[in-house]
Amino acid sequence: MTLFMQTKLLVYAKILTNQQQSFQTRRLFFSFCAFTFYLIISTLPACAETVKTSCPPKLVMATPSNIDNIFPDWDKSCGKPENFIYSRSKMLSELAQANIVYLGETHDSSVDHQNQLQIIQELQQRHPKIAIAMEMFQRPYQGVVDQYLAGKLTEKELLDKSEYETRWGFPWEYYAPILRFAKDKQLPVLALNTPTEITRKVARQGLESLTASQRKYIPPFAEIDISNEKYRQLSLQAFQQHQSGGHGNSSGAERFFLAQVLWDETMAEGIAKFVKANPDYQVVVLAGQGHIVYGYGIPSRVARRLGSQKLIQRSVLLSPPQEAITGKDEVAIADFVFK
């Protein structure tokens, strides 16, 4: 892990565990967290045993003039490199067959949000029963979102009553067209995220500090799986460096890691519950890339909850990852990458 990435994660740890940080500082945290979380995870296989080399994700782009420049370390067992260059329509044909589609965004990229809307619109034309699951709204405000979709609240009332500006805060116009489309087509929208005060409290004091009323917004403790060693490594490394400066301790590192996992588990539970209750719906999940890459965050936890059920999940990164395209881990970073 580079010094840059360690420093970034330390900053995030301080922000998450300090209730007194300004909103602008917390917003900066969420802006960069997904990118850096992905970047750190992508370096970890160098420190861990690799089971096998994966094939790369499919690139959604026009056919390049020199494929060797795109796939410099091509694994010949994957097939022909040109088979991994996809058009948008070809990608959509595959996505249309999935039960759950993850659209991994960079939160402050307006282009990512434009692509999210276009993909949702095109999938909905193929499969009218679409549900949109959003990290951007927190669980206690599901009723507020439902009221907006039913025409009982204006957009301003939706923002005010969901506390959007203080709990998410990225420009509303990034997401407004998606909500307007859902309202127009009467599509369900799932408020996925863990309430901010719960995540922060867990990072500071652990799960046992939560009250009974707070626990109803997260999965049962037994379902919060912290066994992923790659997640654990990046969290502990950051806090070990923090501790060397006299500002942290190992129990704090474990709680920070737990808070990260809690985000994933809470969102995964909401998705899995909807799929069980509505098997005829396709669910499109809007979340930061850090919750999606390699399937470590939300997708693996949804699959665990729906274990015996036939399930097809597909993931899309709407911005290219900052590393070589060829796979270096036992799984590809995503199914599709916009490039």
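Everything that follows concerns the structure shown earlier in this document.
First, a word on what this report is: a plain description of the structure on this page. (Residues numbered from 1 in each chain as written. Predicted model: local features only at pLDDT ≥ 70, side-chain atom pairs only at ≥ 80, totals over all residues. Heavy atoms only, no water.)

## A few points about the packing of helix α7 (residues 155-162) against helix α9 (residues 172-185)
Alright, step 1. Contact geometry of α7 with α9 gives a least axis separation of 12 Å together with a crossing angle of 115 degrees. For the pair α7 and α9, the crossing hand works out as right-handed. The residues of α9 that touch α7, namely those facing E155, L158 and L159, are W172, A176 and R180. (Axes fitted to C-alpha atoms, helices over the stretch in contact; angles between N-to-C directions. Helix = DSSP H or I, 4+ residues; strand = E, 2+ residues; numbered from the N terminus. Left-handed = near helix turned anticlockwise from the far one by under 90°. Contact = heavy atoms within 4.5 Å.)

## Quick word on the side chain of Q282
Alright, step 1. Counting through the fold element by element, Q282 comes out in strand β6 (residues 282-288).
Alright, step 2. Classification of Q282 by relative accessible area gives buried; the value is 1%.
Alright, step 3. Polar contacts involving the side chain of Q282 include one to the main-chain carbonyl oxygen of A98, which spans 2.9 Å.
Alright, step 4. Setting aside residues no more than four positions away along its own chain, Q282 makes contact with L95, A96, A98, N99, V101, L123, H127, K129, I130 and A131. (Buried < 20%, exposed > 50% of the residue type's maximum accessible area, 1.4 Å probe, protein only. Polar contact = N/O pair within 3.5 Å; in protein donor to acceptor, adjacent residues only side chain to side chain.)

## Side note on helix α5 (residues 110-126)
Alright, step 1. Taking 1.5 Å of rise per residue, 17 residues should cover 24 Å, and α5 covers 25 Å from first to last C-alpha, within 8% of that figure.
Alright, step 2. By the burial criterion, the buried members of α5 are D112, H113, N115, Q116, L117, I119, I120, L123 and Q124.
Alright, step 3. Contact partners of the buried residues in α5: α4 (88-95), β3 (100-105), β4 (130-138), α9, β6 and β8 (336-338). (Expected span 1.5 Å × (residues − 1).)

## With respect to the pattern of salt bridges
Alright, step 1. Under the definition given, this model contains 15 salt bridges.
Alright, step 2. With its nearest N and O atoms 2.9 Å apart, the salt bridge here joins K156 to D160. Of this pair, K156 and D160 both sit in helix α7, separated by four residues, roughly a single helical turn.
Alright, step 3. In this structure K156 comes out as exposed when scored by relative accessible area, which is 59%.
Alright, step 4. For D160, a relative accessible area of 46% puts it in the partly exposed group.
Alright, step 5. Of the charged contacts in the structure, one is a salt bridge between R304 and D225, with a shortest N-O distance of 4.0 Å. Of this pair, R304 sits in helix α14 (residues 298-305) while D225 sits in the loop between α11 (212-215) and α12 (229-244), and the two are 79 residues apart along the sequence.
Alright, step 6. For D225, a relative accessible area of 28% translates into the label partly exposed. (Salt bridge = Lys/Arg side-chain N within 4 Å of Asp/Glu carboxyl O.)

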